[in-house]
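Chain by chain, the residues run as shown.
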Amino acid sequence: MAQIINGKEVSASVRKAVAEETAQLRDSRGLKVGLAVVIVGNNPASRVYVNNKKKACEEVGFQSFEYALDENTTEEQLLDLVNVLNRDVRVNGILVQLPLPKHINETAIINAISPEKDVDAFHPVNVGKIMIGDYSFLPCTPAGVMELIASTGTEISGKTCVVIGRSNIVGKPMAMLLLHKSGTVTICHSKTQNLKEICQRADILVVAVGRANFVTGDMIKPGAVVIDVGMNRLENGKLCGDVEFESAEKVASYITPVPGGVGPMTISMLMRNTLTAAKQQAGI
Ligand code: GUN
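Residues numbered from 1 in each chain as written. Predicted model: local features only at pLDDT ≥ 70, side-chain atom pairs only at ≥ 80, totals over all residues. Heavy atoms only, no water.

Draft legend 1. Geometry of the pairing of strand β6 (residues 184–188). Here strand β5 (residues 160–164) runs beside β6; their pairing, made up of 5 bridges, is parallel. Looking at the pairing, Val163 lines up with Ile187 of β6. The parallel pair β5 and β6, bridged by helix α7 (residues 171–180), forms a crossover whose chirality is right-handed. (Pairing = 2+ DSSP bridges. Helix = DSSP H or I, 4+ residues; strand = E, 2+ residues; numbered from the N terminus. Right-handed = clockwise from strand over helix to strand, strands pointing away.)

Draft legend 2. Broad picture of the site of the ligand. As a matter of local geometry, the ligand sits amid Leu95, Val96, Gln97, Leu98, Asp120 and Phe122. Asp120 places a polar side-chain atom, nitrogen or oxygen, 2.7 Å from a nitrogen atom of the ligand. Its free accessible area being 280 Å², the ligand has 79% of it covered by the protein chains. In a pocket analysis with a 2 Å cut-off to the grid points, the ligand is assigned to the largest pocket. (Near = heavy atom within 4 Å. Polar contact = N/O pair within 3.5 Å; in protein donor to acceptor, adjacent residues only side chain to side chain. Areas by Shrake-Rupley, 256 points an atom, 1.4 Å probe, with all protein chains shown as cover. 1 Å grid on protein atoms, 1.4 Å probe; cavity = no way out; pocket = protein on both sides within 12 Å on 5 of 7 lines; lining within 4 Å. Sits in = over half its atoms within 2 Å of the grid points.)

Draft legend 3. Local environment of the nonpolar core. Phe62, Val145, Leu178, Val206, Ile227 and Met271 are the most contacted members of the largest nonpolar core, which totals 50 residues. Counting residues per element, this core draws most heavily on helix α10 (residues 263–281), which supplies 8 residues. Excluding residues that lie within four positions of it along the chain, Phe62 makes contacts with Val18, Thr22, Val33, Cys57, Met271, Thr274 and Leu275. Of all hydrophobic cores here, the second largest spans 19 residues; its members include Cys188, Ala202, Ala224 and Ala252. (Core = buried A, V, L, I, M, F, W, Y, C linked by side-chain atoms within 4.5 Å. Buried < 20%, exposed > 50% of the residue type's maximum accessible area, 1.4 Å probe, protein only. Contact = heavy atoms within 4.5 Å.)

Have a look at this one:
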């Protein structure tokens, strides 16, 4: 039976470290850390995420500035706000919650955020830096996954790593972080042939496809570390991952649960990025 990786515990220790450093920088240098969170419209899931981000800011001692804009906000109005936040010295990090309403071009908004304040690491400058391994900010979800793998004591170097999913937010940067740790990385996606055989070779399997119970125990190598990034809402209202937990836990050595695995990590990594941004902006 696999050991369960406790995302809540790992996340709490990241937050504790961020809170301690924030307090220390405030006391020794008078540095204040601020995060601006922008939400457009009434997407209920986005509302929950934004509230959680606000709570996390309070927990680690950051100022948070929330901008809740109407669904009918124009792209130009949102660009104006981003430009104001780019210049606001109280704001070290800017996060525009996605998805945005359809009439707003997400790429245009992401490109307008100053790369120094882009704590999501979505701006092309930061994406490029991740590619070459010279990163200011680690993309939050993949960085959280790396912390969870580290918490198991698993060495990545030389291991066969399989990432299922090729999104810009998770799959692609995830593969890069594993590669930078000298993993041998394969990225699988909806057109991949022989998915089962490829998965069966994985010492470290990261699943981010957004389909409930997509990976089953028979696809997993005995002793593999399995990280489930999925967060799917079933018809009965229950949350479930991309990995069929019951069959997978019989085969894996370590596995993340859903909820309580990757989910709690993402916001903690956002807090860490925001602290990094504040330090860089203060020349520390
Ligand atoms: N929507 C879902 N996940 C994310 C995220 O990590 N960052 C932003 N900005 N929006 C999201």
